[in-house]
Amino acid sequence: IESGVANPYPEEIHMMADLYNAPELKHYYCKNICPLGADMPDVEVVSLDRVSLKTVSIIRKLGYVKESLLDITEDGIIDESEKPTLNEILQTLEEFEQVAQTLKLWAKKNL
């Protein structure tokens, strides 16, 4: 496994992550080895202050996202002029997902 010759089984990743206190191994496996996790957000182990700042920053953006989403979906139709706004909303939600996963990873590693 360590030499990269063979892919580990999920059970092996789970045991190694627990043994080495490295929950990032699970995420790496799901994101990079398992084909079902290819669209998972990239996360990394960062310090608590970094992930806290990112979390607060993205939470501030959610107010705008909520209002924009209501504005473009109130009529049940997303026209061509609203698609760029919807793409911005989706991008912000992907950032939120990434930050949430990063915070969860930090908590699993440090608590």
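Higher on the page you've got the structure.
Note that this is a predicted model, so its numbers are computed, not measured.

**A short note on the overall build of the protein**
Helices and strands together make up the secondary structure of the protein, namely four helices and zero strands. Seen in sequence order, the protein has helices and strands lined up from the N terminus as α-α-α-α. Since a compact globule built from 111 residues should have a radius of gyration of about 13 Å, the 18 Å found for the protein marks it as more spread out than a globular shape. C-alpha extents for the protein along the principal axes are approximately 55 × 30 × 15 Å. Relative to its full complement of 111 residues, the protein shows a buried share of 23%. In the protein, the proportion of contacts linking residues at least 24 apart, taken out of those at least 6 apart, comes to 53%.

**Remarks on the pattern of salt bridges**
Opposite charge on two side chains allows them to pair when their charged atoms are near. All chains considered together, the criterion is met by six salt bridges. Across the salt bridge formed by K83 and E80, the nearest N and O atoms sit 2.9 Å from each other. Classification of E80 as exposed rests on a relative accessible area of 59%.

**A closer look at the layout of surface pockets**
Estimates place the volume of the largest pocket at around 170 Å³. Taken together, P23, K26, H27, C30, M40, V43, Q101, K104, L105 and K108 make up the lining of the largest pocket. In the lining of the largest pocket, the residues fall into five nonpolar, two polar and three charged.

**Concerning helix α3 (residues 48-73)**
Counted at 1.5 Å a residue, the expected span for α3 with its 26 residues is 38 Å, and the 36 Å between its end C-alpha atoms agrees. Along α3, the largest kink reaches about 25° and is centred on L62. Those residues of α3 that sit buried are V51, T55, I58, V65, S68 and I72. Looking at the buried residues of α3, the elements they touch are α4 (83-110).

**Side note on the packing of α3 against α4**
Between α3 and α4, the shortest axis-to-axis distance is 9 Å and the interhelical angle comes to 150°. Of the possible angle classes, the one that applies to α3 and α4 is roughly antiparallel. Considering the relative orientation of α3 and α4, their crossing is left-handed. Grouping the constituent residues of the contact of α3 with α4 by class yields 16 nonpolar, five polar and four charged.

**Let's talk about the environment of Q98**
Inspection of the secondary structure puts Q98 in helix α4. In this structure, the C-alpha to C-alpha distance between Q98 and E11, residues 87 residues apart in sequence, is 25 Å. Those residues within four positions of Q98 in sequence are excluded, and the remaining contacts are P41, D42 and V43.

**What about the state of the cysteines?**
All told, the structure shown has zero disulfides when counted by the stated rule. No disulfide involves C30; its nearest neighbouring cysteine sulfur is the one of C34, lying 6.0 Å away.

Parameters at a glance
- Residues numbered from 1 in each chain as written.
- Predicted model: local features only at pLDDT ≥ 70, side-chain atom pairs only at ≥ 80, totals over all residues.
- Heavy atoms only, no water.
- Helix = DSSP H or I, 4+ residues; strand = E, 2+ residues; numbered from the N terminus.
- Rg over C-alpha atoms; globule rule 2.2 N^0.38 Å.
- Buried < 20%, exposed > 50% of the residue type's maximum accessible area, 1.4 Å probe, protein only.
- Contact = heavy atoms within 4.5 Å.
- Salt bridge = Lys/Arg side-chain N within 4 Å of Asp/Glu carboxyl O.
- 1 Å grid on protein atoms, 1.4 Å probe; cavity = no way out; pocket = protein on both sides within 12 Å on 5 of 7 lines; lining within 4 Å.
- Points joined across faces, edges and corners; volume = space filled by probe spheres on them.
- Nonpolar A, V, L, I, M, F, W, Y, C, P; charged D, E, K, R; others polar.
- Expected span 1.5 Å × (residues − 1).
- Bend = angle between axes of the 7 residues up to and from the residue.
- Axes fitted to C-alpha atoms, helices over the stretch in contact; angles between N-to-C directions.
- Parallel < 35°, antiparallel > 145°, perpendicular 65-115°, else oblique.
- Left-handed = near helix turned anticlockwise from the far one by under 90°.
- Disulfide = S-S within 2.5 Å.

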